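Close look at the chain arrangement
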Amino acid sequence: MKAFYTIGLLVISNMFMTFAWYGHLKMKQEFNWFAELPLIGVVVFGWAIAFFEYLFQVPANRIGFAENGGPFSLMQLKVIQEVITLIIFTIFTTVFFKGEALHWNHFVAFILLVLAVYFVFMK
């Protein structure tokens, strides 16, 4: 069960982080008041969202880390997190930024990342 909790928490944390890092780009297009914020205001906005990312990321790593009784090594946790980040980012980009398209090279990169997961779990 710890593996499922870890992955679920990582998915939630990455949803917050993706919005913290890239959501301001869409909000600038959608809301005039947001477009008028100075850069420091946008940074504070991102930090406020990133706080919630940490509320999920830190417990995910705690629960999932082998030395804390979890099923994953530190390297495995990081690679899982990167693949989840890519999946969440791809969904976010294709849903909210209609001008962004997936191309063959993106799929090759995805395959290589999945292979990275395979290799990091090899004994």
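Residues numbered from 1 in each chain as written. Predicted model: local features only at pLDDT ≥ 70, side-chain atom pairs only at ≥ 80, totals over all residues. Heavy atoms only, no water.

1. Side note on the confidence of the model for the protein chain
Across the protein chain, the average pLDDT comes to 92, with 100% of residues at or above 70. Put simply, helix α5 (residues 104-121) is where the protein chain has its lowest mean pLDDT, 87, and helix α3 (residues 39-64) is where it has its highest, 96. (pLDDT = per-residue confidence, 0-100. Helix = DSSP H or I, 4+ residues; strand = E, 2+ residues; numbered from the N terminus.)

2. Focus on the pattern of salt bridges
Considering all chains together, one arrives at two salt bridges under this definition. When the shortest N-O distance is used, the salt bridge between Lys26 and Glu30 registers 3.3 Å. With Lys26 and Glu30 both in helix α1 (residues 2-30), this residue pair falls four residues apart, about one helical turn. Here Lys78 ties to Glu82 by a salt bridge, and the two come within 2.8 Å at their closest N and O atoms. Of the two residues, Lys78 and Glu82 are both situated in helix α4 (residues 74-96); the distance of four residues between them amounts to about one turn of the helix. (Salt bridge = Lys/Arg side-chain N within 4 Å of Asp/Glu carboxyl O.)

3. As for the packing of α4 against α5
Their axes nearest at 9 Å, the elements α4 and α5 cross at an angle of 160 degrees. Here α4 lies roughly antiparallel to α5, going by the angle between them. Relative to α5, the crossing made by α4 is left-handed. Facing α4, whose interface residues are Met75, Gln76, Val79, Ile80, Val83, Leu86 and Thr90, α5 presents Phe110, Leu113, Ala116, Val117, Val120 and Phe121. When grouped by side-chain class, the residues that make up the contact of α4 with α5 number eleven nonpolar, two polar and no charged. (Axes fitted to C-alpha atoms, helices over the stretch in contact; angles between N-to-C directions. Parallel < 35°, antiparallel > 145°, perpendicular 65-115°, else oblique. Left-handed = near helix turned anticlockwise from the far one by under 90°. Contact = heavy atoms within 4.5 Å. Nonpolar A, V, L, I, M, F, W, Y, C, P; charged D, E, K, R; others polar.)

4. Points about α1
Taking 1.5 Å as the rise per residue, α1 with 29 residues should run 42 Å; its terminal C-alpha atoms sit 39 Å apart, in good agreement. The largest bend along α1 measures about 55 degrees and falls at Tyr22. Burial in α1 covers these residues: Thr6, Leu9, Leu10, Ser13, Asn14, Met17, Thr18, Ala20, Gly23 and Met27. Along its buried surface, α1 packs onto α2 (32-35), α3 and α4. (Expected span 1.5 Å × (residues − 1). Bend = angle between axes of the 7 residues up to and from the residue. Buried < 20%, exposed > 50% of the residue type's maximum accessible area, 1.4 Å probe, protein only.)

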